[in-house]
Amino acid sequence: VSLKTDFLQQKAIQIEGKSLISSEVLPYTIACNKVSNISYEKRTVELENIHISQTSPATRKTIRLEPDSKHNVAIFINEKKIPVDIKIVDISFDSVQLKFDNVPANLHKNDKVVIDMTLTCEDKPLIISTEATVVKEAEQEHDSSITFVLNLNPKKKELMLKYISARQIEIIKEFKALKDK
């Protein structure tokens, strides 16, 4: 599929390596998992591995975004820290998707855990520790991801809102800097 689009969309697709297509005229969101070509001269993007997506960013209750690269995260099951490398794929006001090199064998859907996250907000560490529930597991070729619903108390909801708001502004600045190049 070849699409005509603007520079900012092309850059976002290039960075992400995939895209979603949604429109009022389409009954579903279309997911494209591979970018085969981006032509800045023709203002086109060629996408492959197309399929219908059951979910859409347009229908989500909350925004999900990629965290800053300086984050740290740990998971505790029954008060024991799981000794694996974990990275945050994306985070929202009520959930987090984590990427594992090796998913712990004792972690399954509906399991309750404690997640400790250290994020950077306005150049200061922001620590959020909360109970969470496993809602979705996804295995890829080289790693796996698990999505958790967060059980944030009012104070931690306030911290998460502060982080997400600040991170959105950072991302907008990053895209503006790309556009100005």
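Residues numbered from 1 in each chain as written. Predicted model: local features only at pLDDT ≥ 70, side-chain atom pairs only at ≥ 80, totals over all residues. Heavy atoms only, no water.

Q: Sorry, what's going on with the sheet that holds strand β2 (residues 19-21) here?
A: Strands sit in the order β1-β4-β3-β2 across an open sheet of four strands; the sheet is antiparallel. A strand with exactly one partner marks an edge of an open sheet, and here the two such strands are β1 (2-4) and β2. For this sheet the average axis-to-axis angle between neighbouring strands, irrespective of direction, equals 45°. Of the pairings in the sheet, the one linking strand β3 (residues 29-39) to strand β4 (residues 44-53) comprises nine bridges and is antiparallel in character. Pairing of Lys34 across the sheet is with Glu48, part of β4. (Pairing = 2+ DSSP bridges. Helix = DSSP H or I, 4+ residues; strand = E, 2+ residues; numbered from the N terminus. Axes fitted to C-alpha atoms, helices over the stretch in contact; angles between N-to-C directions.)

Q: I'm lost on a nonpolar patch on the surface in this one. Help?
A: Taken together, the side chains of Phe7, Leu8 and Tyr40 make up a nonpolar region of the molecular surface, amounting to roughly 220 Å² of accessible area. Here Phe7 is to be found in helix α1 (residues 7-16). (Patch = residues over 30% accessible without salt bridge, like charges linked within 9 Å, V, L, I, M, F, W, Y side chains within 5 Å. Areas by Shrake-Rupley, 256 points an atom, 1.4 Å probe, with all protein chains shown as cover. Salt bridge = Lys/Arg side-chain N within 4 Å of Asp/Glu carboxyl O.)

Q: Looking at this structure, I do not really get unusual backbone geometry. What am I missing?
A: The general pattern is negative phi for most residues beyond glycine and trans for most peptide bonds. For Asn49, which is not glycine, the phi dihedral falls at a positive 55°. On the secondary structure map, Asn49 appears in strand β4. On the basis of relative accessibility, which here comes to 49%, the residue Asn49 falls in the partly exposed class. Residues other than glycine seldom take positive phi values, yet Asn78 does so here, at roughly 50°. Position of Asn78 relative to the elements: it lies in the loop between β5 (72-77) and β6 (80-81). (Buried < 20%, exposed > 50% of the residue type's maximum accessible area, 1.4 Å probe, protein only.)

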